[in-house]
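Listed below are the residues making up each chain.
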Amino acid sequence: MIEVENLKKYFSTGILRKRHIKAVNGVSFQIERGGTLGLVGESGCGKTTMGKSLLRLIEPTAGKIIFDGIDLVQLKKKELRRLRPRMQMIFQDPDASLNPRMKIGDSIAEPLKLQGGLNKVEIKERVLELIETVGLNPEHVNRYPYQLSGGQNQRVVLARVLAVNPDFIIADEPTSSLDVSVQAQILNLMQDLRREFHLTLLFISHDLEVVRHMSDRIAVMYQGKIVEIGSVNEIFDGARHPYTNTLIAPVLSEDQLIYGDMKNAVDYSSGCVFYQRCPFSAGMCKKKEPEMVDIGKGHWVLCNRVS
Ligand SMILES: Nc1ncnc2c1ncn2[C@@H]1O[C@H](COP(=O)(O)OP(=O)(O)OP(=O)(O)O)[C@@H](O)[C@H]1O
Ligand SMILES: [Mg+2]
């Protein structure tokens, strides 16, 4: 469904001296139709930037993105707009995605109206159907977002997304603004919807346990790069990248903490991205940039020690 090759997104910063933040620095992966790839990594490692570039919500600096056989990077704005309904992105904060002055029913009707093809009565029926699909009540239709809980509002966001019959959804930390008790409900709802509507998902989270629950494959990101990718079992039982291991094993002491700060990414120009924090880095790792190595069963690792 999705094929990404060497995707890059650099941001220019600095007033006196221009610098590039390599927020996404050459990532490649595929997601099969109906599959869920979990993308995990610490704050600032480039997850959101990758999601947005993938859908061209922001323009990628370089790379190839094939969506259902269509080369997204080559598409003109108009063609891209036509394809939009098929690819949707859900963000962390439902309140920011919903218009506070719009009733829930109107919010869900909005994408249906934009798409056209349905009359007023049909739109009303479809809204009620979507409301039910995401586990809300018909009485919610006339309420405003502030009159619903965070979890209920995230259900509204899901209804809006489903309204346009998407094939591919990027969910960017969709539950991290919610109470723990509500998080599981929304995650389970997303699982049900994924099955019912045969969705392909890219599920982004900094929480490896959440990603494990939601995905069949996991990609681990560090400073703009995917350092390891594989099935859930391969990652949990056979992780080979030292960074993945620090995510899986509980962190013990302050000096073992690894911060996903992009400061270093600005300066590093050669060698391994993980060089400075890697407990196993050898002299060559400072200079030699590792290449993704296929270690079998769809498991790939970006590490000089793996060959
Ligand atoms: N528009 C922008 N201009 C300049 N730098 C940006 C911009 N957007 C993001 N960045 C930088 O790119 C890097 C990656 O940011 P991004 O938001 O993709 O991280 P993330 O992995 O989603 O983090 P989080 O888990 O906190 O959401 C960060 O260093 C960030 O400061
Ligand atoms: Mg983010």
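Basis of the calculations
- Residues numbered from 1 in each chain as written.
- Chains lettered and ligands numbered in written order.
- Predicted model: local features only at pLDDT ≥ 70, side-chain atom pairs only at ≥ 80, totals over all residues.
- pLDDT = per-residue confidence, 0-100.
- Contact = placed C-beta atoms within 7 Å.
- Core = buried A, V, L, I, M, F, W, Y, C linked by C-beta atoms within 7 Å.
- Buried ≥ 20, exposed ≤ 12 C-beta atoms within 10 Å, placed from the backbone.
- Helix = DSSP H or I, 4+ residues; strand = E, 2+ residues; numbered from the N terminus.
- Pairing = 2+ DSSP bridges.
- Axes fitted to C-alpha atoms, helices over the stretch in contact; angles between N-to-C directions.
- Parallel < 35°, antiparallel > 145°, perpendicular 65-115°, else oblique.
- Left-handed = near helix turned anticlockwise from the far one by under 90°.

Undergrad: Would you explain the confidence of the model for the protein chain in this entry?
TA: Detailed reading of predicted coordinates is not advised where the pLDDT is low. Here the protein chain shows a mean pLDDT of 90. Residues at 70 or above account for 93%. When the criterion is pLDDT under 50, residues 260-266 qualifies, and its contacts beyond four places in sequence or with other chains add up to 21 contacts.

Undergrad: What's the story with the nonpolar core in this structure? I'm lost.
TA: Nonpolar side chains tend to gather and get buried jointly when the protein is soluble and globular. Residues I108, A159, A219, V220 and I226 are the most contacted members of the largest nonpolar core, which totals 73 residues. Ranked by the residues each element gives to this core, the list is headed by helix α6 (residues 150-163), at seven residues. Those residues within four positions of I108 in sequence are excluded, and the remaining contacts are V127, L130, I131, V156, A159, R160 and A163.

Undergrad: Where do I start with helix α1 (residues 47-54) in this structure?
TA: Since the α-helix turns once every 3.6 residues, residues separated by three or four places project in the same direction. Counting buried positions over the eight residues of α1 gives eight, a clear majority of the element. Considered for burial, the residues of α1 that qualify are K47, T48, T49, M50, G51, K52, S53 and L54. Following α1 by one or two positions, R56 has its phi on the positive side, about 60°.

Undergrad: Is there a simple way to explain the sheet that holds strand β2 (residues 19-31) in this structure?
TA: Strand pairing in a sheet relies on backbone hydrogen bonds. The paired strands run either parallel or antiparallel. What the four strands build is an open sheet, ordered β2-β1-β4-β5; its pairing is antiparallel. Looking at strand neighbours, the two that pair on one side only are β2 and β5 (70-71), the edges of this open sheet. Inspection of the sheet shows strand β1 (residues 2-13) paired to β2 by ten bridges, in the antiparallel sense. Residue pairing for β2: K8 is matched across the bridge by N25. Taken strand by strand, α1 contacts β1, β2 and β4 (62-67), and its axis lies near 115° from that of β1.

Undergrad: I keep staring at the packing of helix α4 (residues 104-115) against α6 and nothing clicks. Help me out?
TA: Axis angle and axis distance: for two packed helices, these are the angle between their axes and the distance between the axes, and together they describe the pair. The N-to-C vectors of α4 and α6 enclose an angle of 20°; their axes lie 8 Å apart at closest approach. Viewed along their axes, α4 and α6 adopt a mutual orientation that is roughly parallel. Where α4 crosses over α6, the two elements pack in a sense that is right-handed. Between α4 and α6, the contacting residues are I104, S107, I108, P111 and L112 on the first element and V156, A159, R160 and A163 on the second.

Undergrad: How should the sheet that holds strand β10 (residues 225-231) be read in this particular structure?
TA: An order of β6-β7-β8-β3-β9-β10-β12-β11 is seen for the eight strands of this open sheet, with the pairing classed as mixed. Each end of this open sheet is capped by a strand with a single partner; those strands are β6 (87-90) and β11 (292-294). With direction set aside, neighbouring strand axes in the sheet form an average angle of 20°. Pairing geometry for strand β3 (residues 36-40) and strand β8 (residues 200-205), over five bridges, is parallel.

Undergrad: How should I be thinking about unusual backbone geometry in this particular structure?
TA: With glycine set apart, most residues show a phi of negative sign, and most peptide bonds adopt trans. The phi angle at R56 is positive, at roughly 60°, despite the residue not being glycine. Relative to the helices and strands, R56 is located in the loop between α1 and β4. In this structure, N165 is a non-glycine residue whose phi angle is positive, near 50°. Positionally, N165 belongs in the loop between α6 and β7 (168-172).

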